[in-house]
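Tertiary structure, described
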Amino acid sequence: MSIKHAEEYRDKKLSRSLIQEIQKNSRKPVRLMEVCGTHTVSIFKYGIRSILPKTISLLSGPGCPVCVTAQGEIDAFIELSRKKDVIITTFGDLMRVPGSNSSLQQERAKGQDIRMVYSAFDALEIAKINPDKEVVFLGVGFETTAPTIAASVLSAQVMNLTNFSVISAHKKVVPALTALLQTKEVNINGFLLPGHVSVIIGAGAYRGFIKNYPIPCVIAGFEPVDILTSIHMLIKQIETGKKDLENAYPRAVTEEGNSKAKSLLNTVFQSGNAIWRGIGPIPDSGLFFQKAYEAFDATRRFQISYQQTPEPKGCACGEVLTGIKTPLDCTLYKKICTPLHPVGPCMVSSEGICAAYDKYHVENNRGSCNDD
Amino acid sequence: MCLAIPSKIIRIVGDMGTVDVDGVKRDVSLLMIEEPQLGDYVIVHAGFAIHKIDEITAKETLQLLKEALAFVEKDDISN
Ligand code: SF4
């Protein structure tokens with residue numbers, strides 16, 4: 001079997017035809033939002049913003065997991081890392097996110113045991129070989145990540161690993177879409193829905209949302225042809241007055257999603273209210289431990305309570321994540337806030353929109369300065 | 001966090017497997033996919049294969065897209 005199709009989804013000729021179609025069909029000025037950090041990266045990497053007609057503005061929504069993590073949660077992670085005999089395990093993106101007065105990276109430099117892992121299973125290994133230490137995994141991410149963490153909790157139970165626990169700061173995408181549309185200042189004409197979250201939750205998970213808040217939505221993959229096809233579908237819906245859900249990524253996304261992953265997720269976690277950076281509290285948008293697994297809940301084990309800490313002064317991450325502002329509207333952007341000295345998480349994460357603006361030298365809100 | 005490119009399964013040992021993506025090999029859990037086979041292309045996220053790419057649908061989607069675009073081009077000429 002070949003991987004030929006993956007290359008074909010990068011085909012330049014096909015992409016060009018799609019761009020022509022988009023140009024031909026797009027009349028009204030529209031604002032389309034993606035809600036997935038991997039989309040942000042793909043859109044910039046392939047220069048998609050700069051090749052679209054001027055009528056189309058692309059916005060990056062609350063889809064970068066680290067960026068939507070509340071300041072109070074970041075502070076709690078840092079606090080926990082200072083406890084004696086605790087090993088913190090995390091995905092790399094969290095390391096440099098500034099808390100109110102430190103970051104995990106700074107704590108590590110001071111000697112705290114904080115380790116980057118590639119999978120939650122790696123954290124189990126660390127727990128196994130360090131029986132006299134408490135190993136805590138910082139669970140940040142959406143429905144794509146949560147089942148992997150759930151699988152590690154179930155394994156820890158089977159392995160009888162009593163020194164392993166997880167902070168579940170996982171979040172759900174659909175409640176965030178709802179919250180965005182309920183926010184007055186937010187102005188969005190269509191959503192590019194996250195491909196890999198949709199692999200897990202399935203297209204069916206959006207049906208209730210679209211029924212209650214009709215808006216053009218297309219589930220999108222990550223290759224240039226995928227993204228352009230999705231934008232084309234959105235434009236066609238908008239120009240013809242449709243407000244439907246379409247799946248432009250059927251090779252990966254089914255109506256039901258991944259039932260094994262969903263069952264892992266629902267076995268270990270349940271929905272509850274969570275605070276999102278920039279948006280605030282959203283009902284049923286967080287994933288927290290089910291009663292049967294609360295022995296693995298690090299917030300219980302270490303009696304962590306989140307404080308409502310204010311976000312860094314002057315940082316516009318919140319408005320950027322809701323599409324109200326762009327990084328260029330932030331007075332700190334590139335002056336005080338740089339990838340080397342980030343003020344907010346949107347400049348830290350490789351999936352953050354401020355980091356992408358900086359990396360691709362965006363000088364206007366349409367594309368990169370290399371626009372021709 | 002996500003790897004946007006599909007990875008090929010080159011080894012299976014129980015619930016674990018090794019995948020190859022552009023020459024880089026990684027161990028992944030196969031817990032979340034049905035009947036993994038050597039040579040399958042999977043989407044990998046945080047050390048887990050989360051989906052087996054449906055090759056037939058992948059080809060069909062491209063075919064439909066090409067037909068749609070070709071159709072549009074033809075339409076243009078006739079106008
Ligand atoms: S540029 Fe920095 S300070 Fe401004 S919104 Fe982005 S992360 Fe926040």
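Residues numbered from 1 in each chain as written. Chains lettered and ligands numbered in written order. Predicted model: local features only at pLDDT ≥ 70, side-chain atom pairs only at ≥ 80, totals over all residues.

1. Digging into the overall build of chain A
For chain A, the helix and strand inventory stands at 18 helices and 12 strands. With the C-alpha coordinates aligned to their principal axes, the bounding extent of chain A is approximately 65 × 45 × 45 Å. Per-residue burial for chain A yields a buried fraction of 54% across its 372 residues. (Helix = DSSP H or I, 4+ residues; strand = E, 2+ residues; numbered from the N terminus. Buried ≥ 20, exposed ≤ 12 C-beta atoms within 10 Å, placed from the backbone.)

2. As for the site of the ligand
Residues and elements named next belong to chain A. Lining the immediate environment of the ligand, one finds 14 residues, of which C315, C330, C337, G344 and C354 sit closest. Looking at the shell around the ligand, the elements that each hand over two or more residues are α16 (317-321) and α17 (345-348). Across the shell around the ligand, the residue classes break down as 13 nonpolar, 1 polar and no charged. (Near = placed C-beta within 6 Å. Nonpolar A, V, L, I, M, F, W, Y, C, P; charged D, E, K, R; others polar.)

3. Observations concerning the domain arrangement of chain A
All names here are of chain A. As assigned here, chain A comprises domain 1 (1-313) and domain 2 (317-359). Measuring from the centre of the C-alpha atoms in domain 1 to the corresponding centre in domain 2 gives 18 Å. Listed by partner, the interface residues are 30 residues for domain 1 and 19 residues for domain 2. Of all elements in the fold, only β1 (30-34), α3 (37-45), β2 (56-60) and α5 (65-68) reach the threshold of two or more residues within the side of domain 1 that touches domain 2. The dominant element in the side of domain 1 that touches domain 2, judged by the number of residues it contributes, is α3, at 5 residues. (Domains from an automatic or database assignment. Contact = placed C-beta atoms within 7 Å.)

4. A short note on the sheet that holds strand β11 (residues 269-276) of chain A
Residues and elements named next belong to chain A. Across the sheet, which stays open at both edges, the 3 strands sit in the order β7-β12-β11 with antiparallel pairing between neighbours. Either end of the sheet is taken by a strand with one partner, and the two such strands are β7 (170-171) and β11. Where β11 meets strand β12 (residues 280-289), 7 bridges bridge the pair, whose relative direction is antiparallel. By the bridge assignment, A274 is partnered in β12 with I282. Running over the sheet, helix α10 (residues 173-182) touches β7, β11 and β12 and is turned about 175° from β12. (Pairing = 2+ DSSP bridges. Axes fitted to C-alpha atoms, helices over the stretch in contact; angles between N-to-C directions.)

5. Some remarks on the interface of chain B and chain A
Residue-level contacts link 29 residues of chain B with 35 residues of chain A. Where the side of chain B that touches chain A is concerned, the elements lending two or more residues are β4 (41-45), β5 (48-52) and α1 (55-78) of chain B. For the side of chain B that touches chain A, the element with the highest residue contribution is α1 of chain B, accounting for 9 residues. Taken together, the residues that form the side of chain B that touches chain A break down as 18 nonpolar, 7 polar and 4 charged.

6. A short note on helix α8 (residues 120-129) of chain A
Looking only at α8 of chain A, the buried set comprises A120, F121, A123, L124 and A127 of chain A. Buried residues along α8 of chain A cover an arc of 150° about the axis, so they all sit on one side. Where α8 of chain A is buried, its residues contact β3 (86-90), β5 (134-139), α9 (146-158) and β6 (164-168) of chain A together with β3 (24-29) of chain B. (Arc of directions from axis to C-beta.)

7. Brief notes about the packing of α9 of chain A against helix α14 (residues 259-268) of chain A
Residues and elements named next belong to chain A. At a minimum axis separation of 8 Å, α9 and α14 run at an interaxial angle of 65°. For the crossing formed where α9 meets α14, the hand is left-handed. Along the contact surface, α9 presents A146, P147, A150, A151, V153 and L154, while α14 presents A261, L264, L265, T267 and V268. (Left-handed = near helix turned anticlockwise from the far one by under 90°.)

8. Examining the sheet that holds strand β9 (residues 217-219) of chain A
Residue and element names in this part refer to chain A. A sheet is described by the order of its strands in space; here 5 strands give the open sequence β2-β1-β8-β9-β10, paired in parallel fashion. Two strands close off the open sheet at either side, each with one partner strand: β2 and β10 (245-247). Strand after strand, the sheet turns through a mean of 20° between neighbouring axes, direction not considered. Both β1 and strand β8 (residues 190-193) contribute to a ladder of 3 bridges, which runs parallel.

9. Quick look at the pairing of strand β1 (residues 7-13) of chain B
Residue and element names in this part refer to chain B. Here β1 runs beside β4; their pairing, made up of 2 bridges, is antiparallel. By the bridge assignment for β4, K8 is matched with Y41. Judged from the 5 bridges that link them, β1 and strand β2 (residues 16-21) form a sheet pairing that is antiparallel. Bridging across to β2, V13 finds its partner in M16.

10. Description of the packing of helix α2 (residues 12-25) of chain A against helix α13 (residues 224-240) of chain A
All names here are of chain A. Contact pair α2 / α13: the axes reach a minimum separation of 9 Å and the direction vectors enclose 15°. When the interaxial angle is binned, α2 and α13 end up roughly parallel. As α2 runs across α13, the sense of the crossing is left-handed. Seen from α2, the contacting residues are L14, S15, L18, I19, E21, I22 and N25; seen from α13, they are P224, V225, L228, T229, I231, H232, I235, K236 and E239. Split into classes, the residues belonging to the contact of α2 with α13 amount to 9 nonpolar, 4 polar and 3 charged. (Parallel < 35°, antiparallel > 145°, perpendicular 65-115°, else oblique.)

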